[in-house]
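Take a look at the letters that make up each chain.
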Amino acid sequence: MGRAAGGHRDLDAGREHRGVLGTHRAARRRASLEGLKMHTAFAKAGPTTIAELLAARSASRARFVSIIDGHTRALPFSQLLARSAAVAGRLRAEGLATQVTGGSAIAVAVQDPLDFITAFLGVAVAGAAAVPGPVRLASSPVHQKRLGAILAVSRPAAIIVDDELYAAARDIAGRTGTMVVSMSTLAADNNDAAEPSATGSPTCYVQYTSGSTARPKPVEISMANIVAQMVQAAEAFDENPSSVSVNWVPLYHDMGLVTSVLRPLWSDYTSVLLDPFEFVKRPEIWPAAMTEWGATHTSAPDFGYALCAAKVTGAEHFDLSRLRVARNAGEPVRPATLERFAQAFASAGFDYAAFTPSYGLAEATLTVTANPVGEPPRTFTFAEPSLRQDRAREPEEGEPLVTLVSCGKPVRGTEVTIWNEDGERLREDGRIGEVRIAGPQVSTGAIAPSDADGERCRTGDLGFWWKGELVLLGRAKDRFQVRGQNYYSAEIEDSAVAADVRLRPGRAVAIADCAASDPAPRVTVLVEAVRECAELSAADQADIARNVVRAISSGLGLSIDTVHIVPAGTLPLTTSGKVRREKCRDLVEALGTSPLPRPGIRTKEHQR
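Residues numbered from 1 in each chain as written. Predicted model: local features only at pLDDT ≥ 70, side-chain atom pairs only at ≥ 80, totals over all residues. Heavy atoms only, no water.

It is worth spelling out the overall build of the protein at this point. Helix and strand counts for the protein come out as 17 helices and 27 strands. Out of the 608 residues belonging to the protein, those deemed buried represent 58%. The contacts in the protein between residues at least 6 apart in sequence include a share of 71% that link residues at least 24 apart. (Helix = DSSP H or I, 4+ residues; strand = E, 2+ residues; numbered from the N terminus. Buried < 20%, exposed > 50% of the residue type's maximum accessible area, 1.4 Å probe, protein only. Contact = heavy atoms within 4.5 Å.)

For a regular strand, side-chain orientation follows a simple rule: the groups alternate between the two sheet faces. Bridging between strand β23 (residues 479-482) and strand β24 (residues 485-488) involves four bridges; their strand directions are antiparallel. Residue F480 lies in a different strand from β24, and its bridge partner there is Y487. Where β23 folds back on β24, the antiparallel hairpin that results is connected by two residues, among which R483 adopts a positive phi of roughly 50 degrees. (Pairing = 2+ DSSP bridges.)

Right, let's talk about the confidence of the model for the protein for a bit. Averaged over all residues, the pLDDT of the protein equals 84, while 82% of them reach at least 70. With pLDDT under 50 throughout, residues 1-33 is counted as low confidence; its partners more than four residues away or in other chains account for 62 contacts. (pLDDT = per-residue confidence, 0-100.)

Moving on, we come to empty space enclosed by the protein. In the structure shown here, the tally under the stated rule is two cavities of 30 Å³ or more. By volume, the largest cavity is sized at about 40 Å³. Looking at the largest cavity, the residues that line it are E239, S245, N247, T259, R263, Y269, H297, T298, S299 and V325. Within the residue set of the lining of the largest cavity, elements represented by two or more residues are β9 (244-247), α9 (254-267) and β11 (297-300). Ranked by residues supplied to the lining of the largest cavity, first place goes to β11 with three residues. Here the lining of the largest cavity is composed, by residue class, of two nonpolar, six polar and two charged. (1 Å grid on protein atoms, 1.4 Å probe; cavity = no way out; pocket = protein on both sides within 12 Å on 5 of 7 lines; lining within 4 Å. Points joined across faces, edges and corners; volume = space filled by probe spheres on them. Nonpolar A, V, L, I, M, F, W, Y, C, P; charged D, E, K, R; others polar.)

Across all of its chains, the model carries 29 salt bridges by this definition. Among the ionic pairs, E363 bridges to K217, the shortest N-O distance being 3.4 Å. Pair noted here: E363 is in the loop between β13 (355-360) and β14 (367-370) and K217 is in the loop between β7 (203-208) and β8 (218-222), with a separation of 146 residues, a long-range link. Of the residues examined, K217 reaches a relative accessible area of 44% and is grouped as partly exposed. (Salt bridge = Lys/Arg side-chain N within 4 Å of Asp/Glu carboxyl O.)

Take the nonpolar core next. Membership of the largest hydrophobic core comes to 88 residues, with the highest contact counts inside it found for Y205, W286, F345 and F350. Among the elements that make up this core, the one with the highest residue count is helix α4 (residues 113-125) (nine residues). When residues no more than four places from it in sequence are discounted, the contact partners of W286 are V246, W248, L274, F279, T298, A300, G304, Y305 and C308. Core analysis: the second largest hydrophobic core is formed by 27 residues, Y487, V525, I552 and L556 among them. (Core = buried A, V, L, I, M, F, W, Y, C linked by side-chain atoms within 4.5 Å.)

Below, the discussion takes up unusual backbone geometry. Even without being a glycine, R155 presents a positive backbone phi close to 50 degrees. Within the secondary structure, R155 is located in the loop between α5 (141-154) and β5 (158-161). Under the relative-accessibility criterion, R155 is labelled exposed at 51%. A positive phi angle, near 65 degrees, is found at D268, a position not held by glycine. Taking relative accessible area as the criterion, D268 reaches 19% and is therefore assigned buried.

With that settled, the discussion passes to the side chain of D461. Its location among the elements puts D461 in strand β21 (residues 457-466). Judged by its relative accessible area of 11%, D461 is buried. Non-local contacts of D461, meaning those with residues more than four positions away in its chain, are made with Y359, G433, E434, V435, G474, R475 and A476.

Let us now look at the layout of surface pockets. Computed from the structure, the second largest pocket encloses a volume of approximately 360 Å³. Around the second largest pocket sit 24 residues that line it, and I68, Q111, D112, P113 and D275 are the ones nearest its centre. For the lining of the second largest pocket, a count of residues per class yields 14 nonpolar, four polar and six charged.

Read from one edge to the other, the open sheet built from five strands follows the order β19-β18-β20-β21-β22, with strand pairing classed as antiparallel. The open sheet has two edge strands with one neighbour each: β19 (425-426) and β22 (469-475). One ladder, built from six bridges, connects β21 with β22; its direction is antiparallel. Note on β22: the bridge partner recorded for D461 is R475.

What follows concerns the packing of aromatic side chains. Across all of its chains, the model carries 20 aromatic pairs by this definition. An angle of 35 degrees between the planes, with centres 4.6 Å apart, marks the rings of F341 and F345 as tilted. Overall, F345 belongs to the buried group, its relative accessible area being 0%. A ring pair is formed by Y352 and F355, whose centres lie 5.9 Å apart and whose planes are at 85 degrees; its orientation type is edge-to-face. With a relative accessible area of 7%, Y352 lands in the buried category. Assessed through its relative accessible area of 0%, F355 is described here as buried. Cluster of aromatic residues (ring-pair linked, three or more members): W248, F279, W286, F303, Y305, F318, F341, F345, F350, Y352 and F355. (Phe/Tyr/Trp six-rings, centres within 6.5 Å; stacked < 30°, edge-to-face > 60°.)

What follows is the structure, given as structure tokens:
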């Protein structure tokens, strides 16, 4: 949350020379109607397995395209069944997959996107459950620990890896006795092509949550979940064979897997895949690829759009005029990000109405709610004090304001409800509580037995209804009270990074701890300096900290006890780039007694 961002300004300047937005709209409406009819008929007729879906694409003209380090490769949908069957045959020959109900689980940690897709689908065709895993095993301790945790919990029969990751994977897998299989071995020419399993695992794949607020947990996704989500997404995001998606989100995460692999396969359209690690270094590859391939769809968390708006120049050389769905999800959607990206790429023909804020989670396969396609994202302005009292309302004259982005309405067949801590369902607009969901795309394993009706998944997210749409505030674990007022870590963090240009957007964490002798929580803020400011003077460090304290105090009415300005790269992150809040608590304790990796970039202020 943050201060009121103001109304959306006219961002149409520079679009006239393209002249394509209006000419496409009638065709889009016709394609959307035909696409909905196609998806409905396709879902009723099948498929019931991944193999049947691949067989239905045997004559497809769509393809997966990877662009890595400037090199472009393609994998036609029409070849997927044969390649996946070959992988399945080799897995069965090695005794790593069974054809009985409740078959084996096989982890997939393959960095090359086309090889990942082949391995993932091959595991499914073999009748086993695929377990996507992180891939930076040779260089990232975070990825190494996460993979070790995944193997320890899921206990797969084997893990499939790239050749260059074999040694690192073997060291990790050796602790759990997991066999390591190289992708080159599975992809080699052989005569072991297998018939698709008809009685394989009821679980198609196991998706692990990001672990930003707790340890990653497994979510079992069935084919029924996938089919339901594909139909929902095709309707909600207007997907059909004329669509083209360009994405950089890692395939081992739910957003990457669903938006870049499963949805294109279902709706039969080309999917272009970029290297997520290259994107972070060179964000211009994203708009460049969308220009080259005429992207109609893309999906990314808020920080991706913010990074492009801040770092990419020469927008007039790009063409985003065909982009009709720019999904923003996976973390809080910030009004300022939408404004800045739209302004930065107005000369590229970007249409603000293409923004499609949505809400999703691994337990729901992916998507739960979405803003209607073609309609500008809606922002609502509330009285900031009202959010402290669990009942959002419109502001009165002179009150502090906060502007939030709507996450839209539930996708078809999905129920979204709000509940308070006493187990009471909240039906009125503005009543803040925990979001609970139900629907055919929700994993049955995500439904807590303790729920009153045994049918809803508790998300751990806080939000409320407003004018028929869902508005999110943050994680329940990240809310705390000071003098009877509710505060959310996300709003404190947003205020902190906006306080000074020398701080990194999206790289802050606010932590509240209560001492036994003092019931009022002590609030600590850790925020990273930009890489260009690695060598700050003591005066600069103190100045930044004062700016942070002042911004939070004036904007939120909250006193901060301690501010740590830390070097870029200090905050521990998940494999999806989210700050690991629980690990940051350990960092706070260390900062209390030990110097930082680069001594000097640290300031401590107390405000009581």
